[in-house]
There are 2 protein chains.
Amino acid sequence: MESSDTYPSHAFCDADRRAVYQAITTRRDVRSEFLPQAVPEALLARLLMAAHHAPSVGFMQPWNFLVVRSDAVKQKVHAAFKVANEEAKALFPDRQRDLYSSLKLQGILDAPINLAITCDRSRSGPVVLGRTHMPSMDLYSSVCAVQNLWLAARAEGLGVGWVSIFHETALQDALGIPAEIVPIAYLCIGYVSHFDTQPALEKAGWLPRLPVEELVFQDRWGHLNGAQNQELLEHLRALQASGTISDMPLPAAPQ
Amino acid sequence: MESSDTYPSHAFCDADRRAVYQAITTRRDVRSEFLPQAVPEALLARLLMAAHHAPSVGFMQPWNFLVVRSDAVKQKVHAAFKVANEEAKALFPDRQRDLYSSLKLQGILDAPINLAITCDRSRSGPVVLGRTHMPSMDLYSSVCAVQNLWLAARAEGLGVGWVSIFHETALQDALGIPAEIVPIAYLCIGYVSHFDTQPALEKAGWLPRLPVEELVFQDRWGHLNGAQNQELLEHLRALQASGTISDMPLPAAPQ
């Protein structure tokens, strides 16, 4: 896997690095493209294992994986989404409300597998290495598990959609999740007709992709300058213009 | 990239799926193994672009990337770590305190690049699609950016360590980050002497890796049963025993 002959480092070979970037750039939040075909259990197991290999603060591994297969349970979750989505619509200014209403924001009933990923904040006791000063770190660990699963799913040809338009307590009620367990993500998972080339909200004109070079500072918030950062920004502009991260030369060997 | 001849789906080919799983399973939180060699700017640009391709709630892309190159700034951040780490030590019970004290928990001064990834909660206005009912979703988007970068770094042969032992305000002060911008992750990035085969805290005997099959429920919290879940759990046990996700057969084609 590591190209030790051609590159004196622990870097993956060219093709393998490209595969990782391909998963990252072609991953989509899928709402409309789910197919009804069953997801093989062996494949679902790989996705859960990818999630289980996420980093976690103090190695506490605070996640659980609640696999939803039952139509009756999906119906309850969908009902909770509908309530929250009606409330959400009313919050948007007029110019956005029609567009919001036209968007399909979930595939709860279409996706053969739904999956709740949670965070058990008491998993390894009250004091957690690395969480002593940043109390949200355990929640962030479960988010990393979501992202691992999402990228693995893309590589396996499965779409994933993250639905967040719920009252937390309604989602807990629908799934029997205790009050002290935090639902992090409710995911819809299944095979798809296709992966869009753009994120759905970019394609719909909701918001544009931001120029990445405008988001980068050096050494201090708001500070853009520095000769090395200028070189970095040029590379970023070139990558953003190309629309891909994959077509890259092997990096220069470390000096 | 997609193996359309052999597999009627959008799955990556075998080698490419293996590369994605390899990044996921061999990624480590690096503290002690950093080398001083410079990170090429073109490579750093790819990592930032990987982060910029993270999912974000309502496509708000709430992240900024503050690249820290200055030794003086790293010293300030390191001082903030030392204060918090002394406080953290005192919180652990006796049986854990000695082990805690023996662990190296950061490579701030060793890593050539430090990087703060933040969340600007006001990035796209007060009402954000998908954040209306789960207000932490924007923070989670920035966490997904961290995990994308971390996996890309592993593929590029770079180690990443996430340091979270800071008072939030001390980190903001050291980097000039405004009070309303949330620091999500402070990362140390550089080439490494090696990647450990196990997570550092597992290797040190801090906590064991949990059996993944004990973390999986079906349809309702606490509910383990169901014939399909039995099959899933068997696959999970086999994967966990093998210690890898990579040596997998191609999944059966969808029915």
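The preceding data block contains the structure.
Everything numeric in this text was worked out from a predicted model, so none of it was measured. (Residues numbered from 1 in each chain as written. Chains lettered and ligands numbered in written order. Predicted model: local features only at pLDDT ≥ 70, side-chain atom pairs only at ≥ 80, totals over all residues. Heavy atoms only, no water.)

Visitor: Looking at this model, I keep getting lost on the pattern of salt bridges. Mind explaining?
Guide: Between side chains of opposite charge, a pair can form when the charged atoms approach closely. Evaluation of the coordinates by the stated rule reveals 26 salt bridges over all chains. Where A:Arg17 meets B:Glu156, a salt bridge forms, and the shortest distance between an N and an O atom there is 2.8 Å. Of this pair, A:Arg17 sits in helix 1 (residues 14–26) while B:Glu156 sits in the loop between helix 5 (137–155) and strand 3 (158–163), placing the two residues on different chains. Among the residues examined, A:Arg17 registers a relative accessible area of 0% and is labelled buried. Residue classification places B:Glu156 among the buried positions, given a relative accessible area of 0%. In this structure, the salt-bridge partner of B:Lys104 is B:Asp110, at a minimum N-O distance of 2.9 Å. Judged by relative accessible area, B:Lys104 falls into the partly exposed class, the value being 36%. Classification of B:Asp110 by relative accessible area gives partly exposed; the value is 37%. Members of the salt-bridge network, linked through shared partners, are A:Asp14, A:Arg17, B:Arg46 and B:Glu156. (Salt bridge = Lys/Arg side-chain N within 4 Å of Asp/Glu carboxyl O. Helix = DSSP H or I, 4+ residues; strand = E, 2+ residues; numbered from the N terminus. Buried < 20%, exposed > 50% of the residue type's maximum accessible area, 1.4 Å probe, protein only.)

Visitor: When you look at the packing of aromatic side chains in this model, what are you seeing that I'm missing?
Guide: Remark: the centre distance and the inter-plane angle together describe each pair of aromatic rings, the angle taken between the planes. Tallied over the entire structure, the rule returns 14 aromatic pairs over all chains. Both rings, one in A:Phe92 and one in A:Trp206, keep their centres 5.5 Å apart while their planes meet at 75°; by these two values the pair is edge-to-face. Of this pair, A:Phe92 sits in the loop between helix 3 (71–91) and helix 4 (94–102) while A:Trp206 sits in the loop between helix 7 (200–203) and strand 5 (216–218), and the two are 114 residues apart along the sequence. Of the two residues, A:Phe92 and A:Trp206, both sit in the buried class. Cluster of aromatic residues (ring-pair linked, three or more members): A:Phe92, A:Tyr100 and A:Trp206. A cation over an aromatic ring shows up here: A:Arg27 above the ring of A:Trp150, its NZ or CZ 4.6 Å from the ring centre. Sitting over the ring of B:Phe195, B:Arg154 keeps its end group 3.9 Å from the ring centre. (Phe/Tyr/Trp six-rings, centres within 6.5 Å; stacked < 30°, edge-to-face > 60°. Lys NZ or Arg CZ within 6 Å of the ring centre and 35° of its normal.)

Visitor: Mind showing me how you'd approach the interface of chain B and chain A here?
Guide: Size of an interface, as often reported, equals the accessible area lost when the parts are brought together. Each side of the interface is counted separately: chain B has 134 residues, and chain A has 134 residues. When chain B packs against chain A, the two sides together hide about 11500 Å² of surface, and 68% of this comes from carbon and sulfur. One can count two salt bridges joining chain B with chain A. Across the side of chain B that touches chain A, the residue classes break down as 83 nonpolar, 31 polar and 20 charged. Relative to strand 1 (residues 65–68) of chain B, strand 5 of chain A runs parallel, the two being bridged by three bridges. In the strand pairing of strand 1 of chain B, A:Gln218 is matched with B:Val67. (Contact = heavy atoms within 4.5 Å. Buried area = accessible area lost by both parts, 1.4 Å probe. Nonpolar A, V, L, I, M, F, W, Y, C, P; charged D, E, K, R; others polar. Pairing = 2+ DSSP bridges.)

Visitor: Would you mind showing me how to read unusual backbone geometry here?
Guide: The bulk of non-glycine residues show a negative phi, and the bulk of peptide bonds are trans. Residues and elements named next belong to chain A. Of note in the backbone geometry, glutamine 61 takes a positive phi value of approximately 50° without being a glycine. Locating glutamine 61 in the fold gives a position in the loop between helix 2 (41–52) and strand 1 (65–68). Judged by its relative accessible area of 1%, glutamine 61 is buried. Here aspartate 219, not a glycine, exhibits a phi torsion of approximately 70°, which is positive. For aspartate 219, a relative accessible area of 12% corresponds to the buried category.

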